[in-house]
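Listed below are the residues making up each chain.
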Amino acid sequence: MTLDQFRPHVQGIVQPVVDLARKIGITPNGLSLASFLVSILAGIAFYAGGVALGVVMVAFNAVFDALDGALARDMGIAGLRGDFLDHVIDRYADIFIITGIFAGGAASWPIGVFALTGVLMSSYLGTQAQAVGVGRFYGGLLGRADRLVLIIIAGTLTVLIPGEIYGLNYLGWLLVIFGILGHYTAFQRFVHVWQRIEKE
């Protein structure tokens with residue numbers, strides 16, 4: 001399901017924004033920092049009950065996260081430091097956003113921890129594959145782009161159609177899904193890497 005596979009197909013949409021960013025002097029690291037700051041604001045907004053603002057901040061996080069790498073490649077300065085910074089910021093962004101959702105009352109803390117560990121483990125295994133020499137692997141059912149889009153959809157539904165289903169609103173149920181699919185994605189990535197290691 002992961003939307004990451006469609007990144008090459010949106011280059012035509014991203015390129016004009018990249019050109020504008022270069023023109024006004026925005027740097028890739030600046031975009032990475034911006035994505036970090038809006039993820040903090042998203043978490044705070046969800047925690048404070050401002051779901052609409054949280055959704056807007058998540059959307060900005062998604063945009064900035066997509067643009068920082070594209071801008072670095074366009075400028076010919078993509079490198080290990082930028083890649084490392086991007087991954088660190090993405091993990092903290094996941095923590096702020098998901099914690100804000102369940103700490104704000106959308107779900108109980110056990111559900112929140114279940115979701116957070118699923119998200120972090122799937123992301124960890126995607127990069128750990130490179131550490132063991134197999135190469136970075138982001139396959140599987142649920143990627144980061146998917147999660148951001150689903151948060152935007154669930155948050156919008158929570159604002160437009162308030163209410164609960166068996167004690168949880170849309171964002172609460174989304175955390176349940178993140179827990180299940182996150183850990184399943186981690187398992188898929190583990191199996192892929194394990195099989196590749198056996199062949200080497």
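This one's a predicted model, so the numbers in the text were calculated from it and none came from an experiment. (Residues numbered from 1 in each chain as written. Predicted model: local features only at pLDDT ≥ 70, side-chain atom pairs only at ≥ 80, totals over all residues. Heavy atoms only, no water.)

Enquirer: Please clarify how the pattern of salt bridges should be interpreted in this entry.
Expert: Side chains carrying opposite charge are able to pair once their charged atoms draw close together. Throughout the structure, instances matching the rule amount to 7 salt bridges. One salt bridge in this structure joins Asp90 and Arg144, with 3.7 Å as the shortest N-O distance. With Asp90 in helix H4 (residues 80-103) and Arg144 in helix H6 (residues 144-160), the pair connects residues that are 54 residues apart, well separated along the chain. The class for Asp90 is buried, based on a relative accessible area of 7%. Judged by its relative accessible area of 10%, Arg144 is buried. Between Asp94 and Arg147 there is a salt bridge, with the nearest N and O atoms lying 3.2 Å from each other. Of this pair, Asp94 sits in helix H4 while Arg147 is found in helix H6, placing the two residues 53 residues apart along the sequence. Classification of Arg147 by relative accessible area gives buried; the value is 4%. (Salt bridge = Lys/Arg side-chain N within 4 Å of Asp/Glu carboxyl O. Helix = DSSP H or I, 4+ residues; strand = E, 2+ residues; numbered from the N terminus. Buried < 20%, exposed > 50% of the residue type's maximum accessible area, 1.4 Å probe, protein only.)

Enquirer: Could you clarify how one ought to interpret the environment of Gly172 in this entry?
Expert: With respect to the element layout, Gly172 can be found in helix H7 (residues 170-199). On the accessibility criterion, Gly172 (0% relative accessible area) is buried. For Gly172 and Phe64, which are 108 residues apart along the polypeptide, the C-alpha to C-alpha distance reads 25 Å. Sequence-distant contacts of Gly172, that is, excluding residues within four places in its chain, are made with Ala106, Ala107 and Ile111. (Contact = heavy atoms within 4.5 Å.)

Enquirer: It is not clear to me how the environment of Ala186 should be interpreted in this structure. Could you clarify?
Expert: On the secondary structure map, Ala186 appears in helix H7. With 42 residues separating them in the primary sequence, Ala186 and Arg144 have C-alpha atoms 12 Å apart. Excluding its chain neighbours within four sequence positions, the residues that come into contact with Ala186 are Met121, Ser122 and Leu125.

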